[in-house]
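Inside the fold
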Amino acid sequence: MASTTSSIMDTLFQRTLEDLIKGLRLQLIGESAFISKALEEIRREIKSTDPHTKSNALQKLSYLSSLHHFDMSWAAFHVVEVMSSSRFSHKKIGYHAASLSFSDSTPVLLLITNQLRKDLTNPNNEFEVSLALECLSRIATTDLCRDLTPEIFTLLSSTKIFVRKKAIALVLRVFEKYPDAVKVCFKRLVENLDSTDPHIVSAVVGVFCELTSNDPKSYLPLAPEFYRILVDSKNNWVLIKMLKIFAKLVLLEPRLSKRVVEPVCEHMRRTGAKSLMFECVRTVVSSLSEHEQAVKLAVVKIRELLLDDDPNLKYLGLNALSIVAPKHLWAVLENKEVVIKWLSDEDPNIKRESLRLVMAMVSENNVVEICRVLVNYALKSDPEFCNEILGSVLSTCSRNLYEIVNDFDWYVSLLGEMSRILHCQQGDEIENQLIDISMRVRDVRPELVRVGRDLLIDPALLSNHFLYRILSAAAWVSGEYVEFSRNPFELIEALLQPRTNLLPPSIRAIYIQSAFKVLIFCLHSYLLQRESTASSYPDTLALSELASKREMPEGSDLATFKAPSHSEQDEVFNPRVSNQSSEELSVGNGGDRTINHGQTSTPVTSENIFTYEAVVNQLNLIELALGPLTGSHDVEILERVRNLLCFIELIKGEILESLVQKEENLNSAEMKSSKIIKLMSDAFSEELGPVSVSAQERVPIPEGLVLKENLNDLEMICGDIQLPSSISFSLVSTHYEEGVGASLPDLQSKEELEPPSEATSLLAEHRKRHGLYYLTSEKNDIVANDYPPANDPKLQDDQNNDTEDLVKLTEQLLVSKKRPNQAKPRPVVVKLDGDFVPVSAKRPGPKDDSLSGAVQEVLLGNDTRTSTSRSNPSDKSSSKRKGKEKLITDPSSELNENLGDAEKLDHENPSSRRSKHRTHGKERRHKSPGKIREEREENGQKEKKKSSHRHARHKTRQRADVPLNVVSETPVIPDFLL
Amino acid sequence: MIHFVILNNRQGKVRLTKWYSTYSQKERSKVIRELTGIILSRGPKLCNFVEWRGLKVVYKRYAGLYFSMCIDQDDNELETLDIIHHYVEMLDRYFLNVCELDLIYNFHKAYYILDELLLAGELQESSRRTIARLVAAQDSLVETAREQASLLGDLVKQAM
């Protein structure tokens, strides 16, 4: 009793949807509170037995669900209840809620099959039928489609246009979910193409447009029907869809294009509707691009669009141009000015589109100019578009192994220029390209080193974190190819400038490693030179070098001028000597030596900058700059700094001594340090070659190496190692602290002293355990940097070649991991393999396959012209059915084939004649309708045999057919085409 | 085909959504948030097309309301603009000078009109007069049903 009263109360005092909306807008108690209260009410009301209350509640719920995204899946059963109400108003609410909230996984879908069937077959109320159809078009599942196919089939020939067109639209979903429905419904769908009612035609064409876009091949046989609609229809909506269909079909059947191109151009010329005109243009440029005249006409229209004030048309014009660009570049070049003009349009979409076009215009001949223009635009644009420009310049120029770049010196300097653009965020890409080019293109390395130097030397760049990756590439390049540098000392200074402490540790480690390489190069050159001078001019040396440093041969004037400017950054280290520091230092340090040994002053010509003083200066500079870093927290930095400093420690003594004992000892060349230096420089000058993708697989796994072993027990070993290693770290740092850290406040160094030992030990442990990740996650150059530490001890005994090789090998493997597509070297640009795997055409999914299989089966009988249906995997039941279908269709299709063959034979001559006399175009057009009709007659005959209940309609059509003499001239293309 | 239709106002409040492709409830609100953000941020004199996740969104502003439809890459943008305009005209005819409030209070009516216009993401009726007639016919059906219901309500009241 209580429940009934409450339901009555609900009915009388229920909030309607309008009340709900009003309440929501008033927001007296806040939106979320109001909604949760409303939901509570709805939950109660929806259980009511009164259908009115229930449907009202459901309506409110669907409002909240669709606009406020509240889940309403819990009410699915109530939705079903309301759907089955006998009142139209309730039913409508129920169906609306169902199409809003049901999905394929909604469990109650099983319950509604019968309800839907009942509504679909409702003879009295067509609106209920339409409700069911609308709802099905959203929620139909495979099961529903299977069960309701007969009803839908009946509706496809309903006399009520209103219902039939909805049934037709629904077929799309049914085919998609349940391809077997094709066998039942397809014929009737095709018949509807002939309907005289424009609504029906419009609906069918919509369906075929969607079907064709997924799988054009299956619908080729319908080309005659489509063609008739294309020519006859006056409805723009239909024509647009028709053009879309033909755009797909023509690509498959080139012969079709000859027939289609004329009506398409006709529409293009005649129509006043921009949408239809644009569709014609798009069809021509995408599918009929080999027809010169049509393309020319289309380009004229495109130009109209481009010059229009309406931004929409502008955008579409650019869009169409970019479709036409690959095949008819002239069309773009013709409109070059307009396109470039729109680069500065206010609409980002238009800008982007015109950028795409500009990039399409790029070729070997104009790449320099276009890039110049674009970089200028990039300078002026907002950050986002600026990066888009830079990104597309980078990707275009690097396309196909820098195919369009002839002058790499130019390109490399362009890269340098781009990195200096304020908004540039393309660091990663520029970094990759710099390294990539340096490895591929031998000839460009000097320029690359120059560009790298310019980047490194500019302290301002160090504050822009987008550039860090570029700087790391620059550092790596200048270390790796230091032999091309005009002034290596300058590089060392740049690499160690104080502002480098702004860099992230991983990149700083690269800097330090590069400095190491440069230093080795300098020392090596110095030694070489000393040896040579020692042998040829035994007396010449030191003083002259001082002089030569001042004179600076070749282009190094620039370098000397640069040097002071950036030695400003050395201030921190040598607070007293500011501007002239490097020179003064060299004088100061070298001064007494020169006096000591200054026997001669024969001027040494040529690039003799590797003076004793300079070398000593550099050694001091490095020690000074890197000393504080011995307490670094970062293991990479720490390791490299220690390598470098230990190395200096090792050789410094001898270098200093060597001059004292010069006279006696010089020729003996047995000095330990020079040997070490030589070895190191050999190690560094080894070039990192490109490695093939498959290289790693070719390396046999050494015996006894278990790669997949669980490394958990390493912990034990690590624990042992841990202690000594951390001690050694701290020892070293104290040592250097004493030696060098004088310029640093004690507090700071203390701070650095304590935690690092802990942090680094942790890091070391982590690294040990997850070494794999460390290696892969790091940069290529760091991988290269791993080289020296591994080699250092081994280099001492140079017999140990095997291990060295192994190290080299692993290193190469690591490199290959980083850039997996390197292969055979080519004189100028190193080619990669595995770069261009031809992308196979997009395969239709299995569902499409089965759908297209079914469609083809129906269209072509058992005469499967394409292999699609053959490869179509079908379950037993469907194959059984297929068998039946075959039996039925066999005779008619045979007839069909025979007819076709006969016609082909008959008309081979006319067809060849036709192709010769192109002037008969008009005549041909006149004939075509007749031919189509005759085509349809054939269809009609075929269908007559199978389906008797459509007899009458076809007969009347047959009667209307043209006399036989037209037939004798018509078929040019096989019967299933035009 | 049309994947979905969204109506929102200048403040980003959604007034109507209709989904023809499958999107989960979560995806729906994400899509709406994303798209209203993109569309509202575009200035008045820019083109009406936005490329989005490999699809295209065609939008148009009528007074304070933005009508957006999402279509496939190779669908016709101008045609879609026409469909939007078509819909707006129909709303205008039905509500007689439609305004946002009409859509707020009669959101289900707006849906029913849209259902007559589009089915399964395709335009199914291009004649305004036909749609007006169909909607009116259904309205009268609903109306009679409601009268019956209120009659029932009266009876119940009397019985009490």
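The structure displayed is predicted, hence computed values, not measured ones. (Residues numbered from 1 in each chain as written. Chains lettered and ligands numbered in written order. Predicted model: local features only at pLDDT ≥ 70, side-chain atom pairs only at ≥ 80, totals over all residues. Heavy atoms only, no water.)

For chain B, the helix and strand inventory stands at five helices and seven strands. For chain B, the α and β elements follow one another from N to C terminus as β-β-α-β-β-β-α-α-α-β-β-α. Per-residue burial over chain B gives 59% buried out of 160 residues. Taking as baseline every contact in chain B between residues at least 6 positions apart, the subset at least 24 positions apart corresponds to 45%. For chain B, the computed accessible surface area is about 6900 Å², with 54% contributed by carbon and sulfur atoms. (Helix = DSSP H or I, 4+ residues; strand = E, 2+ residues; numbered from the N terminus. Buried < 20%, exposed > 50% of the residue type's maximum accessible area, 1.4 Å probe, protein only. Contact = heavy atoms within 4.5 Å. Areas by Shrake-Rupley, 256 points an atom, 1.4 Å probe, with all protein chains shown as cover.)

Check the secondary structure of chain A and you find 49 helices and zero strands. When contacts within chain A are restricted to residue pairs at least 6 apart in sequence, those whose partners lie at least 24 apart make up 72%.

As a working rule, side chains carrying opposite charge can pair if their charged atoms are close by. All names here are of chain A. One pass over the full model with this rule turns up 38 salt bridges over all chains. The partner of K91 in a salt bridge is D119, and the shortest N-O contact between them spans 3.1 Å. A residue pair is termed long-range when its members are at least 10 positions apart, and K91 in helix α6 (residues 88–101) and D119 in helix α7 (residues 113–120) qualify at 28 residues. K91 sits in the buried class, given a relative accessible area of 3%. Across the pair R117 and E151 runs a salt bridge, and its minimum N-O distance is 3.3 Å. Here R117, found in helix α7, pairs with E151, found in helix α9 (residues 142–155); they are 34 residues apart in sequence, far enough to count as distant. (Salt bridge = Lys/Arg side-chain N within 4 Å of Asp/Glu carboxyl O.)

Turning our attention to the sheet that holds strand β4 (residues 55–62) of chain B. Residue and element names in this part refer to chain B. Read from one edge of the open sheet, five strands run β2-β1-β5-β4-β3, paired in antiparallel fashion. Of all the strands in the sheet, the pair left with one neighbour each is β2 (14–19) and β3 (49–52). Neighbour to neighbour, the strand axes of the sheet diverge by 20° on average, direction disregarded. Where strand β1 (residues 2–9) and β2 come together, five bridges link them in antiparallel fashion. Counted as the bridge partner of L7 is L16 from β2. (Pairing = 2+ DSSP bridges. Axes fitted to C-alpha atoms, helices over the stretch in contact; angles between N-to-C directions.)

Another aspect to go through is the interface of chain A and chain B. At the interface, 64 residues of chain A touch 64 residues of chain B. Of the roughly 5700 Å² buried between chain A and chain B, counting both surfaces, carbon and sulfur atoms make up 56%. Interface area lost by chain A to chain B is led by H69, R138 and W237 of chain A, which between them contribute 12%. Taken together, chain A and chain B are joined by 20 residue pairs in polar contact (both at pLDDT 80 or more). For the side of chain A that touches chain B, the class distribution of residues is 23 nonpolar, 19 polar and 22 charged. (Buried area = accessible area lost by both parts, 1.4 Å probe. Polar contact = N/O pair within 3.5 Å; in protein donor to acceptor, adjacent residues only side chain to side chain. Nonpolar A, V, L, I, M, F, W, Y, C, P; charged D, E, K, R; others polar.)

This part covers helix α14 (residues 236–252) of chain A. If you check α14 of chain A, its first and last C-alpha atoms are 25 Å apart, about what 17 residues at 1.5 Å a residue would give, namely 24 Å. Its side-chain oxygen placed 2.9 Å from the backbone nitrogen of W237 of chain A, N235 of chain A serves as the N-cap of α14 of chain A. (Expected span 1.5 Å × (residues − 1).)

On to the packing of aromatic side chains, then. This structure, assessed with the given rule, holds 24 aromatic pairs over all chains. Taken together, a centroid distance of 5.6 Å and an interplanar angle of 45° make the contact between Y315 of chain A and F49 of chain B tilted. Placement of the pair is Y315 of chain A in helix α18 (residues 311–324) and F49 of chain B in strand β3, with the two residues belonging to separate chains. Comparing Y315 of chain A with F49 of chain B shows no difference in burial state: the two are buried. Summarising the aromatic geometry, the rings of Y62 of chain B and F67 of chain B are spaced 5.6 Å apart at their centres and angled 90° between planes, so their arrangement reads as edge-to-face. On the basis of relative accessibility, which here comes to 19%, the residue Y62 of chain B falls in the buried class. Accessibility expressed as a relative area gives 4% for F67 of chain B, which makes it buried. What links up through ring pairs into an aromatic cluster is the set F175, F186, F208, Y219, F226 and F246 of chain A. Note that R259 of chain A overlies the ring of Y227 of chain A, its terminal NZ or CZ placed 5.7 Å from the centroid. Positioned above the aromatic ring of Y377 of chain A, the side-chain terminus of K380 of chain A is 4.9 Å from the ring centre. (Phe/Tyr/Trp six-rings, centres within 6.5 Å; stacked < 30°, edge-to-face > 60°. Lys NZ or Arg CZ within 6 Å of the ring centre and 35° of its normal.)

The subject of this paragraph is the packing of helix α23 (residues 383–402) of chain A against helix α25 (residues 427–440) of chain A. Residue and element names in this part refer to chain A. Closest axis-to-axis distance for the α23/α25 pair is 12 Å, and the angle between their directions is 30°. Every pair of crossing elements has a handedness; the one defined by α23 and α25 is left-handed. Contacts between α23 and α25 involve L394, S398, L401 and Y402 on the former and, on the latter, E429, I430, Q433, D436, I437 and R440. Residue composition of the contact of α23 with α25, grouped by class: five nonpolar, two polar and three charged. (Left-handed = near helix turned anticlockwise from the far one by under 90°.)

Let us now look at the environment of V635 of chain A. Its place among the elements puts V635 of chain A in helix α34 (residues 635–660). Overall, V635 of chain A belongs to the buried group, its relative accessible area being 8%.

When two helices pack together, you describe them by how their axes are tilted relative to each other and by the distance separating the axes. Residue and element names in this part refer to chain A. α18 packs onto helix α17 (residues 292–306) with a crossing angle of 145° between their chain directions and a minimal axis gap of 7 Å. You can see that α17 and α18 cross each other, and the crossing is left-handed. Residue-level contacts link V295, I302, L305 and L306 of α17 to L313, K314, G317, L318, A320, L321 and V324 of α18. Tallied by class, the residues present in the contact of α17 with α18 amount to nine nonpolar, one polar and one charged.

With that settled, the discussion passes to the pairing of β3 of chain B. Residues and elements named next belong to chain B. Across four bridges, the pairing between β3 and β4 is antiparallel. The residue bridging V50 from the neighbouring strand is V57, located in β4. Counted along the chain from β3 to the antiparallel partner β4, the turn is two residues long, and its residue R53 has a positive phi close to 50°.

All names here are of chain A. Of note in this structure, Y402 is not a glycine but carries a positive phi near 55°. Mapped onto the elements of the fold, Y402 is located in helix α23. Given the relative accessible area of 4%, Y402 is considered buried.

Moving on: the side chain of S99 of chain A. Inspection of the secondary structure assignment puts S99 of chain A in helix α6. Of note is the side chain of S99 of chain A, whose polar atom sits 3.1 Å from the backbone oxygen of H96 of chain A. Contact partners of S99 of chain A, with chain neighbours within four places excluded, come to C135, R138 and I139 of chain A together with K18 of chain B.

Taken together, the side chains of L26, L28 and I29 of chain A make up a nonpolar region of the molecular surface, amounting to roughly 370 Å² of accessible area. Tracing the backbone through its elements, the reader meets I29 of chain A in the loop between α2 (17–26) and α3 (31–45). (Patch = residues over 30% accessible without salt bridge, like charges linked within 9 Å, V, L, I, M, F, W, Y side chains within 5 Å.)

What follows covers the confidence of the model for chain B. All names here are of chain B. Predicted confidence across chain B gives a mean pLDDT of 83, with 90% of residues reaching 70 or more. Confidence, expressed as mean pLDDT per element, reaches its minimum in chain B at helix α5 (residues 128–159) with 73 and its maximum at strand β5 (residues 65–71) with 90. Across the interfaces of the predicted complex, the ipTM metric reaches 0.89, alongside a pTM of 0.63. (pLDDT = per-residue confidence, 0-100.)

Looking now at helix α8 (residues 126–139) of chain A. For α8 of chain A, which comprises 14 residues, the first-to-last C-alpha distance of 20 Å matches the rise-based estimate of 20 Å (1.5 Å per residue) to within 8%. With 13 of its 14 residues buried, α8 of chain A lies for the most part within the structure.

Tallied over the entire structure, the rule returns zero disulfides over all chains. Left unpaired, C424 of chain A is separated from the closest cysteine sulfur, that of C386 of chain A, by 7.0 Å. (Disulfide = S-S within 2.5 Å.)

All names here are of chain B. The buried count for β4 comes to six of eight residues, which makes it a mostly enclosed element. With seven bridges joining them, β4 and β5 adopt antiparallel strand pairing. Residue R61 lies in a different strand from β5, and its bridge partner there is Y66.

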